[in-house]
Amino acid sequence: MQPHPLGVLIAIGFLVTLGLTLLWMLRLPQPMPKEVARAVYSVEAARTILVPILELFYSERAVELACRLGRLQNATIVLAYTIEVPRVISLDAPLPKEINERAQKALEHAKQIVERHELKAVTDIVRAREADEGIRRTAKTYQADLIVLGVEFAENRVPSLFTRVVDALLRRPPCELIIDTMPA
Amino acid sequence: MEEESSSKVKLRREISVWGSFCWGYADVGADVYVALGLVMAAAQGATPLAFAIAGIVYIFVGLAYTEMASAYPVAGGGHYFTLRGLGDFWGLVAGAALMLDYTVDVALFAMASAGYINFFFPAAREFADSLGLFHNVNLIWLAETLVLITFLAALNVKGIRESSLFNEVLGALDMVMEASIIVIGFAFAWRPELFLHQWHNEFPTTKQLLYAVSIAVISYVGLESVSQAAQETVRPATVVPRTSLALIIVVLMFALAFPTVSLGIVNWQDIAQREGDPVAYLATHLPYIGFLAGPMAAILAATIVLISANTGVMGSSRLAYSMAELGLISDWLSHVHPKFRTPVRSIVFFAGVAAAQAIFAFFSGRKAMETMANMYAFGAMLAYFLSTMALIALRIKEPHTPRPYKVPFNIRFGEVEIPVLGVFGVIGTFAMVVIVLWTHEIARITRPLWVVAWIAYYVWYRRKTDKPVFRSIPRNWDEEQLAILADTGEWELYERFRIEIERRKRLAKKPQQGQK
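Keep in mind the model is a prediction, meaning the values are calculated, not measured.

Calculation notes
- Residues numbered from 1 in each chain as written.
- Chains lettered and ligands numbered in written order.
- Predicted model: local features only at pLDDT ≥ 70, side-chain atom pairs only at ≥ 80, totals over all residues.
- Heavy atoms only, no water.
- Helix = DSSP H or I, 4+ residues; strand = E, 2+ residues; numbered from the N terminus.
- Rg over C-alpha atoms; globule rule 2.2 N^0.38 Å.
- Areas by Shrake-Rupley, 256 points an atom, 1.4 Å probe, with all protein chains shown as cover.
- Lys, Arg positive; Asp, Glu negative; His and termini not counted.
- Charge placed at Lys NZ, Arg CZ, Asp CG, Glu CD.
- Buried < 20%, exposed > 50% of the residue type's maximum accessible area, 1.4 Å probe, protein only.
- Contact = heavy atoms within 4.5 Å.
- Phe/Tyr/Trp six-rings, centres within 6.5 Å; stacked < 30°, edge-to-face > 60°.
- Lys NZ or Arg CZ within 6 Å of the ring centre and 35° of its normal.
- Pairing = 2+ DSSP bridges.
- Right-handed = clockwise from strand over helix to strand, strands pointing away.
- Axes fitted to C-alpha atoms, helices over the stretch in contact; angles between N-to-C directions.
- Parallel < 35°, antiparallel > 145°, perpendicular 65-115°, else oblique.
- Left-handed = near helix turned anticlockwise from the far one by under 90°.
- Nonpolar A, V, L, I, M, F, W, Y, C, P; charged D, E, K, R; others polar.
- pLDDT = per-residue confidence, 0-100.
- Salt bridge = Lys/Arg side-chain N within 4 Å of Asp/Glu carboxyl O.
- Core = buried A, V, L, I, M, F, W, Y, C linked by side-chain atoms within 4.5 Å.
- Arc of directions from axis to C-beta.
- Buried area = accessible area lost by both parts, 1.4 Å probe.
- Polar contact = N/O pair within 3.5 Å; in protein donor to acceptor, adjacent residues only side chain to side chain.

**Student:** Help me understand the overall build of chain A, please; the structure alone is not making it clear to me.
**Tutor:** When helices and strands are counted, chain A shows 6 helices and 5 strands. Put simply, chain A runs from its N terminus to its C terminus through helices and strands in the order α-α-β-α-β-α-β-α-β-α-β. Scaling as 2.2 N^0.38, a compact globule of 184 residues should have a C-alpha radius of gyration of about 16 Å, whereas chain A reaches 26 Å, well beyond that. Here the C-alpha coordinates of chain A stretch approximately 105 × 35 × 35 Å along the principal axes. Just so you have it, chain A exposes about 10900 Å², and 57% of that area is on carbon and sulfur atoms. For chain A, the separation between the mean place of its 23 positive charges and that of its 22 negative charges on side chains is 4 Å.

**Student:** How do you make sense of the side chain of arginine 462 of chain B when you look at a structure like this?
**Tutor:** All names here are of chain B. Mapped onto the elements, arginine 462 comes out in helix 19 (residues 443-464). We classify arginine 462 as buried; its relative accessible area is 0%. Residues contacting arginine 462, with those up to four places away along its chain left out, are Asp88, Leu326, Gly327, Leu328, Lys467, Pro468, Val469, Arg471, Ser472 and Ile473.

**Student:** Honestly, the environment of glutamine 73 of chain A in this entry has me stumped. Any pointers?
**Tutor:** All names here are of chain A. Mapping glutamine 73 onto the fold places it in the loop between helix 3 (57-70) and strand 2 (76-84). Placed 36 residues apart in sequence, glutamine 73 and alanine 37 show a C-alpha to C-alpha distance of 15 Å. Excluding anything up to four places from it in sequence, glutamine 73 contacts Val43, Glu44, Ala46 and Arg47.

**Student:** I would appreciate a short explanation of the packing of aromatic side chains in the present structure.
**Tutor:** Applying the stated rule across the entire model yields 30 aromatic pairs over all chains. Cluster of aromatic residues (ring-pair linked, three or more members): Phe349, Phe350, Trp450, Trp454, Tyr457, Trp460 and Tyr461 of chain B. When the ring centre of tryptophan 24 of chain A is taken as reference, the NZ or CZ atom of arginine 242 of chain B above it lies at 4.9 Å.

**Student:** Hey, could you run me through the pairing of strand 1 (residues 48-53) of chain A in this one?
**Tutor:** It is a general feature of regular strands that their side chains alternate between the two faces of the sheet. All names here are of chain A. Counting buried positions over the 6 residues of strand 1 gives 6, a clear majority of the element. Across the two faces of strand 1 the burial is the same, with Thr48, Leu50 and Pro52 and Ile49, Val51 and Ile53 all buried. Strand direction decides the pairing type here: strand 1 and strand 2, joined by 6 bridges, are parallel. By the bridge assignment for strand 2, threonine 48 is matched with threonine 76. Taken together, strand 1, helix 3 and strand 2 form a β-α-β motif whose crossover is right-handed. The pairing of strand 1 with strand 4 (residues 146-150) spans 2 bridges and is classified as parallel. What sits directly across from leucine 50, in strand 4, is isoleucine 147.

**Student:** How should the packing of helix 5 (residues 88-117) of chain B against helix 16 (residues 344-362) of chain B be read in this particular structure?
**Tutor:** For any two helices packed against each other, the geometry is given by the interaxial angle and the distance between the axes. All names here are of chain B. Across the interface, helix 5 lies against helix 16 with an axial gap of 8 Å and an inter-helix angle of 60°. Comparing their axes, helix 16 and helix 5 come out oblique. Helix 5 and helix 16 meet at a crossing whose hand is right-handed. On the side of helix 5, the interface is formed by Met99, Leu100, Thr103, Val104, Val106, Ala107 and Met111, while helix 16 contributes Phe350, Val353, Ala354, Gln357, Ala358, Ala361 and Phe362. In terms of residue class, the contact of helix 5 with helix 16 is made up of 12 nonpolar, 2 polar and no charged.

**Student:** Just checking my understanding: could you explain the confidence of the model for chain A for this structure?
**Tutor:** Keep in mind that low pLDDT regions are not for reading the predicted coordinates in detail. Residues and elements named next belong to chain A. Confidence along chain A averages 86 in pLDDT terms, with 92% of residues attaining 70 or more. In the model of chain A, helix 6 (residues 164-171) stands out as the element of lowest mean pLDDT, 83, in contrast to helix 1 (residues 5-26), which has the highest, 94. Across residues 158-162, confidence stays below pLDDT 50; counting only partners more than four residues off in sequence or on other chains, it has 8 contacts.

**Student:** Would you explain the pattern of salt bridges in this entry?
**Tutor:** Between side chains of opposite charge, pairing is possible as soon as their charged atoms come close. Counting across every chain of the model gives 18 salt bridges over all chains. Residues arginine 136 of chain A and aspartate 132 of chain A are paired through a salt bridge, measuring 3.3 Å at the closest nitrogen-oxygen approach. Pair noted here: arginine 136 of chain A and aspartate 132 of chain A are both in helix 5 (residues 131-141), with a separation of 4 residues, about one helical turn. A relative accessible area of 13% places aspartate 132 of chain A in the buried class. Note that glutamate 500 of chain B and arginine 504 of chain B form a salt bridge whose closest N and O atoms lie 3.5 Å from each other. With glutamate 500 of chain B and arginine 504 of chain B both in helix 21 (residues 491-515) and 4 residues apart, this pair spans about one turn of that helix.

**Student:** What am I meant to see in the nonpolar core here?
**Tutor:** Soluble, globular proteins show a tendency: their nonpolar side chains are buried together. Of all hydrophobic cores here, the largest spans 188 residues; its most connected members are Phe21 and Phe254 of chain B. If you tally residues by element for this core, the top one is helix 5 of chain B, at 20 residues. Aside from chain neighbours lying at most four places away, what touches phenylalanine 21 of chain B is Leu22 and Met25 of chain A together with Met175, Thr243, Ala246, Leu247 and Val250 of chain B. Counting 24 residues, the second largest nonpolar core, distinct from the first, contains Leu79, Ala106, Ala110 and Leu119 of chain A.

**Student:** Explain helix 6 of chain A to me, please; I cannot follow it from the model alone.
**Tutor:** Owing to its 3.6 residues per turn, the α-helix brings residues three or four apart onto one side. Residues and elements named next belong to chain A. Among the residues of helix 6, Val165, Val166, Ala168 and Leu169 are the ones counted as buried. Within helix 6, the buried residues cover an arc of 165° as seen down the axis, which keeps them to one side. Looking at the buried positions of helix 6, the neighbouring elements they touch are helix 5, strand 4 and strand 5 (176-180).

**Student:** Please explain the interface of chain B and chain A as it appears in this structure.
**Tutor:** For an interface, size is often stated in terms of accessible area lost upon the parts coming together. Facing 36 residues of chain B, the contacting portion of chain A comprises 34 residues. Summing the contributions of chain B and of chain A, the shared interface buries around 3400 Å²; its carbon and sulfur component is 73%. If you look at where chain B meets chain A, you find 1 salt bridge. Here arginine 47 of chain A makes a salt bridge to glutamate 500 of chain B, at a shortest N to O gap of 2.9 Å. Inspection of the region where chain B meets chain A yields 5 residue pairs in polar contact (both at pLDDT 80 or more). When residues of the side of chain B that touches chain A are traced back to their parent elements, those giving at least two are helix 2 (17-43), helix 8 (160-189), helix 12 (236-263) and helix 21 of chain B. Along the lines of polarity and charge, the residues of the side of chain B that touches chain A split into 24 nonpolar, 2 polar and 10 charged.

Below you can see the structure in the form of structure tokens.
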């Protein structure tokens, strides 16, 4: 009986497909130990990341860091510009136009960074007597899982390395807190 | 106390990736030996088309099962998914439909195994006697069938280790043999002109083709077996998607290859006439190995269909275990033997049901195998229809459940993703239910009656135990899911799910705080 080329081709295709399918099935990925899984997914738990914004490089860099931390789990990035309102005036009193403009501009830059990562950005201008109080309140309002705070490295002020905001937040963090600073 | 402690004994988790695959393959691989002749008798030259049409629905159902079995790796399969997605009542209906299939599976394939054994004992094969009103009853074949059912029940009572090993060894052997028949057939004996001639000139009527499609769908029960075994599978969330997807591909390949190679080697009428041993007949027409192929195919068929029957025993007992655990049927059946750690009562009870169905088939006055095959497809299609509905319902109700595998092509509405292929699956399986009821004479009467009987029992049992009949028993699915994932050691999924639950709890508190 003369083999038909098409039949031979089908036979080879059948064998190869069968073999490859079974090989793929049998090659299981390694299991992840409980401790490793806990560490890995605790980072992915951050679905809402708050980044306090100022119109400065280190806070914009904090936005970039937050986006990279939140990319895998498609996190929402909350960008909050906090305005400290002196105690002599009421919290909702009109403020100079230029302060609002600065806030809007800083938020706009931060938002562009978030949009580059195709994540959802929420912007807010927060008024508070103290910046740390504003950040804490914003974290609660948006149910933030993580705050990423970029701060200026102040070499001359060692050992008081961080600002008063950082000190206050570290004493009583409203949620997980990452503080980023770069050597000058 | 002893009763209470023994009832808490869990099923052992010992099935490997190959074992999980073989549970499914054993079911489906065996179907070719039984279905090929039956399908060819109806579909004639268009037999590959009948398998292909059934295969399309099979893909939709298979993908749905893959997603749900990996997300919810517990014994129960389709009935559990349906209960979780659509509620207790529909879970019972799906369970009843699957139970029907498993018990028919046990009876049909034990019968087929005995039939292939009788290939070597023609006197036993031809034996016929009359008992009162019943004529042409083959009591020897019936006795062989009952012995095989009893043997399989004992094997399953002894424990999953033994029966899983049994499946794995014979599953591998069968796959090598089936692949050999196909490869040698295509490479050395296949004539495309004969295939095309039969395709063009021997095309069936629409009703014949639909009947053939409804027989061809019996191959799908294999995937249910993988889901059934998920609670006893090591790392099920990782293993089950792989075995299920591999099973979809491998089963389709074999299901399409057998009729295609057959029609290129012999006439469809020859295969159709050999309903009892079509593969053996095909094998005898292979060059070089043909003189040995008949007996080899008979031995092979006898073993593989026995595996399928074994899968049915396993599936029906695990299904009963799951249904009892979920409060759909009596707790009496969920008892796990403290020594063997297997659901002994379920195994014995449903093996008994299978034996009763075999006796009915032999005394029905028709060909016993034809009677059983006629009843086979209804249960599977009804359960698959409900399961594909459950896939969509679960996507809506539990979008946060981690899914190691997700059916592709989805339309997103907020956080909910509706699977387009799942919708096709619903349509396809519903069409199959209609086709089965239209084309199967026995099934259209006896099978709905079976489901109705189960519903009647369910209503009685739920009333007796003060449980809601048409509403579901309140359950904390999230906690149960966490317990399942912890039990399976799938820590990635466990952490993802735990974190998601905590997040949802926090979000749920938010409006309450606002109200204050």
